[in-house]
Amino acid sequence: ATLPVARVPHAAVGAVRAMGNADTIARVFESMEYGPAPEQDSMVHAWLDAHDRRFGWFVDGEWVKPAPDAPGVQWAPANAPATGEELCVTAQATAADVDTAVAAARAAQPGWAALPAHHRARYLYAIARHLQKHHRLLAVLESMDNGKSVRESRDADIPLAIRHFYNHAGWAQLMDTEMAGYVPVGTVGMIIPWNFPALMLAWKIAPALAMGNTMVLKPAPWTRLTAWLFAEICAEVGLPKGVVNIISGDNDMADYMAGHPGFDKVAFTGSTAIGQHLRRNTAGTGKKISLELGGKSPIIVFESADLDSAVEGLVNGIWFNQGQVCCAGSRLLVQESIAEVFIAKLKRRMKTLRLGHSLDKATDMGPMADPVQRDRVAAMVEAGRAEGLEIFQPDYEIADNAKDGCFYPPTLITGAQSTSRLVQEEIFGPVLVAQTFRTPKEAVALANNTRYGLSAGVWTESIGLALETALSVRAGVVWVNIHNAFDAAAGFGGYKESGYGREGGREGLFEYAKPAWMKGLVYPKLSDAEMDPKKFGVASPGDLLPNIPGSHALHPAPSSPPLGLAGGGTSLSPASSSAILPAINRTPKMYINGQQKRPDHAYVRTIYAHDGSVLGQVGDGNRKDIRDAVEAAHKAWPGWGKRAAYNRAQILYFIAENLNIREEEFAERLVDMTGCSLDEGVREVEASISRLFTYAAYADKYGGEVQETPLYGVVTSVYEPLGVIGIACPNKHPLLGFVSLVAPAVVRGNTCVVVPSEDHPLSATDLYQVLDTSDLPDGVINIVTGETDVLTKTLAEHQHVDGMWYFGSASGSYHVERLSAGNLKCTMVNYGLERDWYDAAQGEGKEFLRAATEVKNIWVPMGE
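The model shown is predicted, which means the values in this text are computed figures rather than measured ones. (Residues numbered from 1 in each chain as written. Predicted model: local features only at pLDDT ≥ 70, side-chain atom pairs only at ≥ 80, totals over all residues. Heavy atoms only, no water.)

### A closer look at the overall build of the chain
Going by this rule: What counts as a helix is a DSSP run of H or I of at least four residues, what counts as a strand is a run of E of at least two, and both are numbered from the N terminus. Only protein chains enter the area calculation, which uses a 1.4 Å probe; residues under 20% of their type maximum are buried, those over 50% are exposed, and those in between are partly exposed. Contact between two residues is taken to exist if any of their heavy atoms lie within 4.5 Å; hydrogens are not considered.
A tally of helices and strands in the chain yields 29 helices and 34 strands. When its C-alpha atoms are laid out on the principal axes, the chain stretches across 125 × 65 × 50 Å. Residue burial in the chain is summarised as follows: out of 864 residues, 57% are buried. By sequence separation, contacts in the chain at least 24 residues apart represent 75% of the contacts at least 6 residues apart.

### As for the pattern of salt bridges
As a reminder of what qualifies: Basic side-chain nitrogens of Lys or Arg form a salt bridge, by our definition, when they fall within 4 Å of a carboxyl oxygen of Asp or Glu.
Under the defined criterion, the tally for this structure stands at 36 salt bridges. In this structure, the salt-bridge partner of Arg605 is Glu758, at a minimum N-O distance of 3.7 Å. Residue Arg605 is found in strand S25 (residues 604-608), and its partner Glu758 is found in the loop between strand S30 (751-755) and helix H24 (762-765); the two are separated by 153 residues along the sequence. The partner of Arg691 in a salt bridge is Glu844, and the shortest N-O contact between them spans 3.2 Å. Within this pair, whereas Arg691 is found in helix H22 (residues 678-698), its partner Glu844 is found in the loop between helix H28 (840-843) and helix H29 (846-851), the two being separated by 153 residues in sequence. Members of the salt-bridge network, linked through shared partners, are Arg474, Glu720, Glu854 and Lys856.

### Remarks on the nonpolar core
Filter applied, for reference: As used here, the term nonpolar core means buried Ala, Val, Leu, Ile, Met, Phe, Trp, Tyr and Cys residues forming a set that is joined through side-chain atoms within 4.5 Å.
In this structure, Phe165 and Val301 are the most contacted members of the largest nonpolar core, which totals 200 residues. In contact with Val301, not counting residues within four places along its chain, are Leu307, Ala310, Leu332, Leu333, Val334, Gln335, Ile338, Phe342, Phe437 and Trp459. Membership of the second largest hydrophobic core comes to 20 residues, among which are Ile626, Val755, Met804 and Tyr831.

### Brief notes about the environment of Pro409
As for its position among the elements, Pro409 is in the loop between strand S14 (390-392) and strand S15 (411-414). Given the relative accessible area of 7%, Pro409 is considered buried. Along the backbone, Pro409 and Val431 are 22 residues apart, and their C-alpha atoms lie at a distance of 8.5 Å. Discounting residues that sit within four places of it in the chain, Pro409 has contacts with Leu355, Gln393, Tyr396 and Pro430.

### Re the packing of aromatic side chains
What counts is decided by this rule: Any pair of Phe, Tyr and Trp rings, taking the six-membered ring for Trp, is counted once the centres come within 6.5 Å. Such a pair is stacked with planes under 30 degrees apart, edge-to-face with planes over 60 apart, and tilted for the rest. By definition here, charges over rings are those cases where NZ of Lys or CZ of Arg is within 6 Å of the ring centre and within 35 degrees of the ring normal.
Here the structure, examined in full by the defined rule, presents 24 aromatic pairs. Geometrically, the ring pair formed by Phe58 and Trp63 is edge-to-face, given 5.7 Å between the ring centres and 70° between the ring planes. Ring centres of Phe486 and Phe492 lie 5.6 Å apart, and the angle between their planes is 65°; on these two criteria the pair is classed as edge-to-face. Overall, Phe486 belongs to the partly exposed group, its relative accessible area being 24%. One aromatic cluster is present, built from ring pairs that chain together Trp47, Phe55, Phe58, Trp63 and Trp228. Cation over ring: Lys265 sits above Tyr512, and NZ or CZ is 5.1 Å from the ring centre. A cation over an aromatic ring shows up here: Lys347 above the ring of Phe392, its NZ or CZ 5.2 Å from the ring centre.

### Here we look at the confidence of the model for the chain
Filter applied, for reference: Scored from 0 to 100, pLDDT reflects the predictor's confidence in each residue.
Per-residue pLDDT for the chain averages 92, and the proportion of residues at 70 or more is 91%. Predicted confidence for residues 1-20 stays below pLDDT 50, and this span has 29 contacts to residues more than four positions away or in other chains. Taken as a whole, residues 550-570 scores under 50 in pLDDT and shows 32 contacts with residues more than four places along the chain or in a different chain.

### Brief notes about the sheet that holds strand S4 (residues 75-79)
Under the convention used in this document: Note: two strands are recorded as paired if DSSP finds a minimum of 2 bridges between them. The convention used is that axes are lines fitted to C-alpha atoms, helices contributing only their stretch in contact, and that angles between N-to-C directions extend from 0 to 180 degrees.
The strand order across the open sheet formed by 3 strands is S1-S5-S4, and the pairing between neighbours is mixed. Two strands close off the open sheet at either side, each with one partner strand: strand S1 (54-55) and S4. Inspection of the sheet shows S1 paired to strand S5 (residues 86-91) by 2 bridges, in the parallel sense. Its bridge partner lying in S5, Phe55 is registered against Thr90. Here helix H9 (residues 225-236) sits on the sheet in contact with S1, S4 and S5, set at roughly 65° to S5.

### Focus on helix H19 (residues 623-641)
This is how it is decided: One less than the number of residues in a helix, times 1.5 Å, gives the span that helix is expected to have. Here the bend at a residue is taken as the angle between two axes, fitted respectively to the seven residues that end there and the seven that start there. Distance and chemistry together define a polar contact, namely a pair of N or O atoms within 3.5 Å, with one atom able to donate a hydrogen and the other to accept it when in protein, and with adjacent residues in sequence counting only for side-chain atoms on both sides.
Over its 19 residues, H19 extends 26 Å from the first C-alpha to the last, a length consistent with the 27 Å expected when each residue adds 1.5 Å. Remark: the principal bend of H19, roughly 30°, maps to Lys635, with a proline, Pro638, within the next four residues. The opening residue of H19 is Asn622, an N-cap whose side-chain oxygen sits 3.1 Å from the backbone nitrogen of Lys624.

Right under this line is the structure:
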């Protein structure tokens, strides 16, 4: 649509020319009419016309475009949100088309990965250069297709997309040194949303290309046009065929892609509900998955803030891109002492926001991306009105050329309680919900009272308060006295149900690479019975029956007297009774909150030696025992996580020291349980001590780094603990497997609920006294013995468990990933494949430290 020329009153021009007194000039500027600044759209229309306004998909370096009348082909329109006009149509790909694209990507991947790093770097550099050459065309096309203001596309989205390709050209060049020991994941399925079509494409494609992967990308159904232009740029730079493939399809296509056996990884940005579904879809397949999902991000304004600056930051935080931003600052938390003044300032500023055509450079807010989303936002606001909440929406006018656009006004809601749907659920529109707080502690509690954890903003002139709040809020990105700052050098991603994985920064590279020792692993295929949720975690009561020789056939009769009873229960003569003394019966209990506790349902499991003899009995844990252990770990985590790294290291050294004192005892226990030689038992104990030393050494050497971004200020990445981690240890190497998993978890500030080896748990129960004498705080390590999968099921379902590590069967790995989707736990599973726990590449190192942490990036600008 053609925008009208700017209209400036002649009287105003004359007054300005006359340069009257200050009062006259002030009155002129107060009364001047708004004049639009239209952006030319002719180049976009020419590009659309060159394609006959019909698009297919881009596969193996070629356009595939069905004939307009091809039978069975569905065509989806692309409409301009500002006017409602149809820009073009796109053919909907089928499952067979996806198969073709995946085949092309898989065929191209070995050759692309085999290219010298410098060659891949040159391709990424060329893409960045060509994006710059087509910067204006991309920006105008993005705004016409998505509806966002062209100022945002021109000045934010496209420049940042270009920056990602430049940055990752550098990472491609440095991969052999900076990512030594890592190889490409393989072929990646990418699913991106409609709110930042070009930027989300760059966030995923750039690091994937840099690390040697190939891909199939599916843009959102509402916004596909910049993806097609990017495909042309790939062809323009001569990118090898099949490396980048782009297909179209509706939302159901995402489900098909996630389940496709040809993908080695799925990268998704979108809603939390769909992310949870995709997590379940990929469970047990061995696919890597990264999820950048929803948010309900708080902006905290303290009484010590510069209120006028905070208002402008809030405007950028919530009304940028019409609030259709996963990290939008949609919750305002303002200190009670300044709330009335601040809200009044905010309302005055809202009245000056300009809604209009997306190609008007003077527009503050363009239309929403689609009527479906606008209607959803309107319905949620009206539900709040029905609750009795106060709704403030300033009056606004839309230019004649955008009267049919998909607009919704900036909205402020006050009076909501923390339980309100509008406070808890993502609205994904230009709607801000305000609450008040009295103290910094209350502000942090309100900020964290959400299932999301994507981002947060903090406004205060007190640097100490700012940093303490930034570290206390559970979010992947925290901005201090700034909002919506992004850069390729700093990772972006969330905590909790905002997903996991990072995009950008060094941390984002590991989403598209894997340890070299994993190359060539073949993951087991599961039967329907193995994936049946009703069959997972079902207890085996027979294992709890008393072990009376010959009474049942659950286990072979012991070759030595059980539990130290001489003669296996034979009668004693009075004369010999003093000569034969029975052993003192000892049944290890659970280790919960630093105490030994009896199992809830008072059953025990008999533990057998390698030759079938009885070694002892341990408590058989159940759901209640796991809940008690999680409660203890959850209570202990805040204090443990805030301890100095040096202190955590000292405790690991103490554990190693006390284990070393009892080395012979633990080695003999391993001999009795597993049948290994004494030399092998000693080797396992010594390897466990060495592993404790390794992670104690890492304690104060893995805290984060400073990111080099264009911000005049400091951007720090802080490696924070997940929280409570459930750990199901491998059956083999019961001591080394236990230590190799627990040590990295606790040294990074996590607390744990540990299920030791099911068949050989006595090494773990023997550790109780070692832990008691090593200054370990109560609740940091909790140990529950029993049937691994029974206990694992409860851990994977528990909402206060933040991570789940499982080293058991292939079917158990599937169920852990499936059940963990409930609150999007970070998981590490083995898919039934055994690791060599003695191998440093497989059994220790930064792979485990990364699994034990989440990266938080804190942005702090400098200057007055």
